[in-house]
Amino acid sequence: MSYTQLTGRDPAGTSSLLNMSAEAATAIESQVRELIRKRGVDPVRDVSAVRTMVDDALASWEQRALAGAVAPYEDRVTVAKSVLDNVAGLGPLQAYLDDPEIEEIWINSPAQVYVARRGESELTSTILTAAQVRDLVEHMLKLSGRRLDLSSPFVDASLPGGERLHAVIPDVTREHWSVNIRKYVTRANHLSDLVALGSLNQQAADFLGAAVASGLNVLVAGGTQAGKTTFLNALSGSIPARERVITCEEVFELKIAVRDVVGLQCRQPSLEGTGEIPLRRLVKEALRMRPNRIIIGEVREAEALDMLVALNAGVPGMCTIHANSARDAVTKMCTLPLLAGENVSDRFVVPTVASAIDIVVHLHVDARGRRRLREIVGISGRVEQGIIEVSDLFHRVGEELVRGDGFPPEEERFARAGYRLSDLLARQV
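Described in the following lines is the structure provided in the data block. Predicted model, so just to flag it, every value in this text is computed and none were measured. (Residues numbered from 1 in each chain as written. Predicted model: local features only at pLDDT ≥ 70, side-chain atom pairs only at ≥ 80, totals over all residues. Heavy atoms only, no water.)

1. Quick look at the side chain of Ser-152
For clarity, the cut-off: Helix and strand definitions here come from DSSP, where helices need a minimum of 4 consecutive H or I residues and strands a minimum of 2 consecutive E residues; each element is numbered from the N-terminal end. Burial classes follow relative accessibility: with a 1.4 Å probe on protein chains only, a residue under 20% of its type's maximum area counts as buried, one over 50% as exposed, and anything between as partly exposed. Residue contacts are counted whenever heavy atoms from the two residues lie within 4.5 Å of one another.
Take Ser-152: it is sitting in the loop between α6 (130-141) and β4 (154-158). Overall, the relative accessible area of 13% leaves Ser-152 in the buried class. When neighbours within four sequence positions are excluded, Ser-152 is seen to be in contact with Arg-147 and Gln-268.

2. A look at the sheet that holds strand β5 (residues 164-168)
This is how the line gets drawn: For two strands to be treated as a pair, DSSP must find no fewer than two bridges joining them. Note on geometry: axes are C-alpha line fits, over the in-contact stretch for helices, and angles between N-to-C directions span 0 to 180 degrees.
An order of β3-β2-β1-β6-β5-β4 is seen for the 6 strands of this open sheet, with the pairing classed as antiparallel. Strand pairing shows two members of the sheet lacking a second neighbour, β3 (120-123) and β4, which therefore form its edges. Across the sheet, the mean angle separating the axes of adjacent strands is 15 degrees when strand polarity is ignored. Bridge count for strand β1 (residues 102-109) against strand β2 (residues 112-117) is 6 bridges, and the pairing is antiparallel. Bridge assignment links Ile-105 to a residue of β2, and that residue is Val-115. Across the sheet, α6 is in contact with β1, β4, β5 and β6 (178-182); its angle to β6 comes to roughly 45 degrees.

3. Quick word on the packing of aromatic side chains
Selection rule: Side-chain rings of Phe, Tyr and Trp, where Trp is taken by its six-membered ring, are said to pair if the distance between their centres is within 6.5 Å; with planes under 30 degrees apart they count as stacked, over 60 as edge-to-face, and otherwise as tilted.
Inspection of the entire model under this criterion finds 3 aromatic pairs. When the ring of Trp-106 is compared with that of Tyr-114, the centres are 5.8 Å apart and the planes differ by 5 degrees; the resulting orientation is stacked. Each member of the pair, Trp-106 as well as Tyr-114, is classed as buried. Between Phe-207 and Phe-414, the aromatic rings sit 5.9 Å apart at their centres with planes inclined by 20 degrees, giving stacked as the arrangement. Separated by 207 residues along the polypeptide, Phe-207 in helix α8 (residues 202-213) and Phe-414 in helix α14 (residues 411-416) bring together distant segments of the chain. Classification of Phe-207 as buried rests on a relative accessible area of 0%. A connected cluster of aromatic rings, assembled from ring pairs, spans Phe-207, Phe-394 and Phe-414.

4. Focus: the environment of Leu-123
Tracing the sequence through the fold places Leu-123 in strand β3. Classification of Leu-123 as exposed rests on a relative accessible area of 51%. C-alpha separation for the pair Leu-123 and Arg-280, spaced 157 residues apart in sequence, amounts to 38 Å.

5. Let's talk about the pairing of β5
Most of β5 sits inside the fold, with 4 of its 5 residues counted as buried. Across 5 bridges, β4 lies against β5 in antiparallel orientation. By the bridge assignment, Ser-158 is partnered in β5 with Arg-164. Here β4 hands over to β5 after 5 residues, with Gly-162 in that stretch at a positive phi of 95 degrees. Here 5 bridges tie β5 to β6, and the two strands are oriented antiparallel to one another. Opposite Arg-164, over in β6, you have Arg-182 as the bridge partner.

6. So, the pairing of strand β12 (residues 359-365)
Burial analysis of β12 places 5 of its 7 residues in the buried class, the great majority of the element. Pairing of strand β7 (residues 218-222) with β12 involves 5 bridges; the strand directions are parallel. Along β12, the bridge assignment pairs Gly-222 with Leu-363. Pairing of β12 with strand β13 (residues 371-384), which is carried by 7 bridges, proceeds in the antiparallel orientation. Considered in β13, the bridge of Val-365 is made with Arg-371. In textbook terms, the turn of a hairpin is the stretch between consecutive antiparallel strands, and for β12 and β13 this stretch comprises 5 residues, one of which, Gly-369, has a positive phi near 85 degrees.

7. Quick word on the sheet that holds β12
Within the open sheet, the 9 strands sit side by side as β9-β8-β10-β11-β7-β12-β13-β14-β15. Their pairing is mixed. The sheet is open, and its two edges are formed by β9 (260-265) and β15 (400-403), each paired on a single side. Between one strand and the next, the sheet's axes are offset by a mean angle of 25 degrees, whatever the strand orientation. Each of β13 and β14 (387-397) touches helix α13 (residues 346-356); the most contacted strand, β13, lies at about 120 degrees to it.

8. Brief notes about unusual backbone geometry
Negative phi characterises most residues that are not glycine, and trans characterises most peptide bonds. Going from Pro-170 to Asp-171, the amide bond is cis rather than trans, its omega being 10 degrees. The topology assignment puts Asp-171 in the loop between β5 and β6. Of note in the backbone geometry, Glu-410 takes a positive phi value of approximately 60 degrees without being a glycine. Structurally, Glu-410 can be placed in the loop between β15 and α14.

What is shown is where atoms sit, not what they do.
In structure tokens form, the structure reads like this:
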């Protein structure tokens, strides 16, 4: 049976209709852009106004098509989405942003657009031009206040939808612009959500929730894409509602579910090389803002020293760090502060880390691409020959997260918050 017999259409007619739809979408997009310019509408901030303009333009086009003045289009919904995505969204990439299963989008070259879906990378069928890649990045940077040029060939920016953009241009890259768009997929606002996802068990969740509520200092460690930010956000769901929280991040990613919260973000230097605000400055300023708790998105460099000073000032806090294990995270926390200057020595840093950090949570991605809590350790505060003692609270045996033999520090803080540590850490039968 032929294609025409099966569908009632001949292939040439279908191709013609598709071409008409593409031509109509291009013409309607130009009309909508002209309306935006005339009315002074910001298409990124006022998507509803743009959607109304698109609907009006489509209605006008349909009336003209009935009169024979213009060619008709085949699918109104497809044309409307194409126009709206190009004008108010990220054009050919918008479908990937709208897909809840996609976690990250990256462009190695105009002909190589990848996505990560449930931890697995896929090469998409999307093919762009070099001009399209540049236009997309410039569009994304409009609202961020950040720039990308030869003097500043890297950019790290937060997008209006909460996504994180990172872009690099030649000659730092070999030939093409390199672009990463990391979506913040909100799958967990509380530890109970992580239990439902299978990342940890209920006993570990109850213990961590009690630790956060009791004001213990928690370090969340893991590799890239291990879910550190998501886990930190879930931990923040246990912060008492009346506390004032100050967050410090390179770009905004955290979404803290408390009433009294202020988010601080780093700033790049201007064209003159002035006005830069690094993470170290944010941590120092946060202490002047009457915080009950400080949360740092991630420590990578000398800001680790300022975080330790803040925690030793009696302000509870949490942060993330890249590390291969909980023990490696502790070691790294003892090393990073040394970058602050020659006057900072390990004789100061090591005991400070031992007294400032209470609990380390380590996350990993298993062989199936699932994000799992691998271990929880407690920092006792004791140091032997420059090595900080850690105690095993929970660790993973195969698929199971089981109770270890150790106990966390600060038992009296649990008691003051109304928790019985012995009940929280009782071995499950």
